[in-house]
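Read off the chains here:
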Amino acid sequence: FAVDSSGFATSTYARWFDHKWGKERTKQTWVKAHIMVGVKTHVVTSVEATPTESNDGAQFPALVERTAQHFAVTEVSADKAYSTKRNLRTVEAVGGTAFIPFKSNATGIGGTHHDYDGLWDRMWHFYNFNRETFLQHYHKRSNVESAFSMVKAKFGGAVRSKTPVAQVNEVLCKVLCHNICVLIQS
């Protein structure tokens, strides 16, 4: 499985007054879709649609846990935005291995608190000393990019709804339609 997020543009704008420059500013809002996909089928196994400002890493545990309810999770690939101890433990708890690269300031010292299990250290050392093998697993992550590309190519990269709830529902419908298309193709 692979995890990532992508934005869907909306027709609504956020406005604020910029005191530094003394004028009103606007910025287009968008809905962020966080998905977990099967790397062979591109089927979306779990999805969460959130406002623009949502953190990618915080969505990861729910995506993994919902996927594990219906599938055997052996590997999960994700980018550095998901590199946390909690996310590594989440994948291990469902019987899988997380292939998430470490940020440049990460060290192999995971900590000494009472529930320390050495998972962070083991994965950090595997990442640093078996890089080629690690990257073979990690590069399966490109399949989630392909899934987003498939959704946006077929159903569009923007939503037309005006209200936040309707925008989220529209993104979820695009993902549902994508899964139906993948099912039909298989």
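Up top is the structure.
Residues numbered from 1 in each chain as written. Predicted model: local features only at pLDDT ≥ 70, side-chain atom pairs only at ≥ 80, totals over all residues. Heavy atoms only, no water.

K.L.:
Describe the overall build of the protein chain, listing the residues and the values that go with them.
P.N.:
If you tally the helices and strands in the protein chain, you get six helices and five strands. Going residue by residue from the N terminus, the α and β elements of the protein chain occur as β-β-β-α-β-α-β-α-α-α-α. C-alpha atoms of the protein chain, sized along the principal axes, occupy 50 × 50 × 30 Å. With 186 residues in all, the protein chain has 42% of them scored as buried. Taking contacts inside the protein chain between residues at least 6 apart in sequence as the whole, the part at least 24 apart equals 55%. In the structure as shown, the protein chain presents an accessible area of about 10400 Å², 56% of it carried by carbon and sulfur atoms. Averaged over its 22 positive side-chain charges, the protein chain has a centre that lies 7 Å from the centre of its 16 negative ones. (Helix = DSSP H or I, 4+ residues; strand = E, 2+ residues; numbered from the N terminus. Buried < 20%, exposed > 50% of the residue type's maximum accessible area, 1.4 Å probe, protein only. Contact = heavy atoms within 4.5 Å. Areas by Shrake-Rupley, 256 points an atom, 1.4 Å probe, with all protein chains shown as cover. Lys, Arg positive; Asp, Glu negative; His and termini not counted. Charge placed at Lys NZ, Arg CZ, Asp CG, Glu CD.)

K.L.:
Lay out unusual backbone geometry in plain terms, naming residues and giving numbers.
P.N.:
Phi is positive for His42, close to 65°, though the residue is something other than glycine. Relative to the helices and strands, His42 resides in the loop between strand E2 (23-37) and strand E3 (44-51).

K.L.:
Report on the packing of aromatic side chains, specifying residues and quantitative values.
P.N.:
In total, this model carries nine aromatic pairs according to the counting rule given. Taken together, a centroid distance of 5.6 Å and an interplanar angle of 45° make the contact between Phe60 and Tyr82 tilted. Taken as a pair, Phe60 in helix H1 (residues 56-68) and Tyr82 in the loop between strand E4 (75-77) and helix H2 (85-93) lie far apart in primary sequence, 22 residues in all. Ring plane angle 85° and centroid distance 4.7 Å describe the contact between Phe102 and Trp120, whose orientation is recorded as edge-to-face. With Phe102 in the loop between strand E5 (97-99) and helix H3 (119-129) and Trp120 in helix H3, this pair connects stretches of sequence that are 18 residues apart. Here Phe102 falls in the buried class, since its relative accessible area comes to 3%. (Phe/Tyr/Trp six-rings, centres within 6.5 Å; stacked < 30°, edge-to-face > 60°.)

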